Amino acid sequence: MSTIDNLHQLRQWQPPYRPDAIIGEGLLLPGTVMMLFGAGGVWKTMNSTHLAFCIGRGSKWFDFETSPSAVLMHQSELPKLLMRDRIIKYADGMNVACDNVFFKTPEEEVLLDTTWGLQSLTKDIEEIIKRAEPGLPIVVIIDPLNTYMAGHTSDEFEVRKFQRNINSLRRKFNVTFIIVHHARKRRVDSGGNVVDLGDEELMGSGYWKAWLDTIVRVQLTNPYSGADTVHMSFDKHRNAWNFLPGFTVKWHRENLVPEIIDRDVISDAEPTIRGLT
């Protein structure tokens, strides 16, 4: 059977999976890759946990609609007990439950720039397909990236091996990936001012930025007064039809529940911050 289409055939073609956006406004589509990145201590893991439950339930992720999906949180930075306690505290605080969100803290390294690592994650995805509600798209969250690579995130050869392996899973299962990653170390100029390079602050090879469909940056806004408020911006959104303004989120430590407290307002192409009333 030919895989080459003319215009009429292309109009008639139907994808072999549900085509709904997993996160609305083109932020995350089936089979694409999103990266959530920021410095240490900016609530990245809790952000990805919140995202997993929102997608798993098909509830809003902050201001964005989501479609129900089966989510595998593959987390190898925190011990399982600590991760378990955080997840339970969050779920109790949000008063949510979802059987379509699955968690794995691997006992051995799953290095996705290796053949063995690819085989290991393939088995995990096949298990999720069997256990999840039939027909749901599959979303895999990798947290954090550096623990899933044998090579360095700046080594272009190793990065390309990782990306080829992930691409093979995207083609085989139409899996959507969300990858949690770190920012570069903070830089200052000769005057002591912080130099911010936007999405170039993403640690590692330039191949990451070119490969990713969506890049979400998380920055702490109150490091000396609670360290519980972050600004989230969309540094890349390849499949979005419109510009996506950022917003500020406060994480309540007592129950790990997030709350939007500010939204960016775009005026004359310049973003400003408006407080909510």
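(A) Geometry of the pairing of strand β1 (residues 33-38). Of all six residues in β1, six are buried; the element is thus mostly enclosed. Here five bridges tie β1 to strand β8 (residues 214-220), and the two strands are oriented parallel to one another. By the bridge assignment, Met35 is partnered in β8 with Ile215.

(B) Looking closely at unusual backbone geometry. The omega torsion of the bond from Asp143 to Pro144 falls at -10°, within 30 degrees of zero and hence cis. By secondary structure assignment, the location of Pro144 is in the loop between β4 (138-143) and α5 (156-173). The residue Trp43 is not glycine, and still its phi comes out positive at about 70°. Relative to the assigned elements, Trp43 resides in the loop between β1 and α2 (44-57). We note that Phe62 has phi near 55°; this positive angle belongs to a residue other than glycine. Note that Phe62 resides in the loop between α2 and β2 (70-75).

(C) Layout of helix α4 (residues 115-131). The end-to-end C-alpha separation of α4 is 25 Å, in line with the 24 Å expected for 17 residues at 1.5 Å each. Along α4, the residues that are buried comprise Gly117, Leu118, Ser120, Leu121, Thr122, Asp124, Ile125 and Ile128. Its buried side turned inward, α4 meets β2, β3 (101-104), β4, α5 and β5 (176-182).

Criteria and thresholds
- Residues numbered from 1 in each chain as written.
- Predicted model: local features only at pLDDT ≥ 70, side-chain atom pairs only at ≥ 80, totals over all residues.
- Heavy atoms only, no water.
- Buried < 20%, exposed > 50% of the residue type's maximum accessible area, 1.4 Å probe, protein only.
- Helix = DSSP H or I, 4+ residues; strand = E, 2+ residues; numbered from the N terminus.
- Pairing = 2+ DSSP bridges.
- Expected span 1.5 Å × (residues − 1).
- Contact = heavy atoms within 4.5 Å.

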